[in-house]
Amino acid sequence: MFLHIGGSRVVAAKDIIGIFDTRIRDKQCNKEFLQSTKVMENNLAEEVKSFIVTTDSVSFSPIAPVTLKKRFQANIFDK
């Protein structure tokens, strides 16, 4: 199963470690993490509202973290 994170991008639900609000990326520890990991190319014309950490990369999304969480939970519990 996959989670639609905006645009034409999807992420495998089994690979998701966490969904975070972009406001926390300004903290020093988060800046260091984002600089040290593979970040998927961000070609979004819209404002980035969240980032999704997966087992192999980080993706940015214009969708609010609460909405992504609801989509994720709907996918998990509807099956």
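**Q** I keep staring at the overall build of the protein and nothing clicks. Help me out?
**A** Check the secondary structure of the protein and you find two helices and five strands. Starting at the N terminus and ending at the C terminus, the protein contains elements arranged as β-β-β-α-β-β-α. A total of 79 residues make up the protein; the buried ones form 33% of that total. Partitioning the intrachain contacts of the protein with sequence separation of at least 6 by distance along the chain shows that 51% fall at a separation of at least 24.

**Q** What should I look at first to understand the pattern of salt bridges in this one?
**A** Note that side chains of opposite charge can pair when their charged atoms are close. The final tally for this structure, using the stated rule, is two salt bridges. One salt bridge in this structure joins Lys14 and Asp15, with 3.3 Å as the shortest N-O distance. Measuring nitrogen to oxygen at the nearest pair gives 2.9 Å for the salt bridge that ties Asp21 to Arg23. Taking the relative accessible area as the measure of exposure, Asp21 reaches 22% and is therefore partly exposed.

**Q** Just checking my understanding: could you explain the packing of aromatic side chains for this structure?
**A** One pair of aromatic rings is described through two measures. These are the centre distance and the angle between the planes. For the coordinates displayed, the defined rule picks out two aromatic pairs. Ring geometry for Phe51 versus Phe60: centroids 6.1 Å apart, planes at 50 degrees, classification tilted.

**Q** Just to check I follow, could you spell out the sheet that holds strand 4 (residues 50–54) for this structure?
**A** Either a parallel or an antiparallel arrangement is found when strands of a sheet pair, and the pairing is made through backbone hydrogen bonds. Strand order in the open sheet made by the three strands is 3-4-5, with antiparallel pairing throughout. Strands at the two margins of the open sheet, each flanked by one partner only, are strand 3 (16–21) and strand 5 (58–61). Each strand of the sheet is rotated relative to its neighbour by a mean of 20 degrees, with strand direction disregarded.

Calculation rules
All chains use their own residue numbering, which begins from 1 and follows the written sequence. Where totals are concerned, whole chains, interfaces and linings use all residues; where local detail is concerned, this predicted model gives features only for residues with pLDDT of at least 70, and gives and counts side-chain atom pairs only at 80 or more. Processing note: side-chain calculations cover all non-hydrogen atoms of the structure and skip hydrogens and water entirely. Helical segments are the DSSP runs of H or I of at least four residues, strand segments are the runs of E of at least two, and each set is numbered from the N terminus. Each residue is assigned to one of three classes by its accessible area relative to the maximum for its type, calculated with a 1.4 Å probe on protein chains only: buried under 20%, partly exposed between the two thresholds, exposed over 50%. Here a residue-residue contact requires only that any non-hydrogen atoms of the pair lie within 4.5 Å. Criterion for a salt bridge: a side-chain nitrogen of Lys or Arg within 4 Å of a carboxyl oxygen of Asp or Glu. Any Phe, Tyr or Trp ring, taking Trp's six-membered ring, that has another such ring centre within 6.5 Å forms a pair; planes under 30 degrees apart are called stacked, those over 60 apart edge-to-face, and the others tilted. Criterion used throughout: strands pair if DSSP finds at least two bridges between them. Think of each axis as a best-fit line through the C-alpha atoms, taken over the contacting stretch in the case of a helix, with angles from 0 to 180 degrees between the N-to-C directions.

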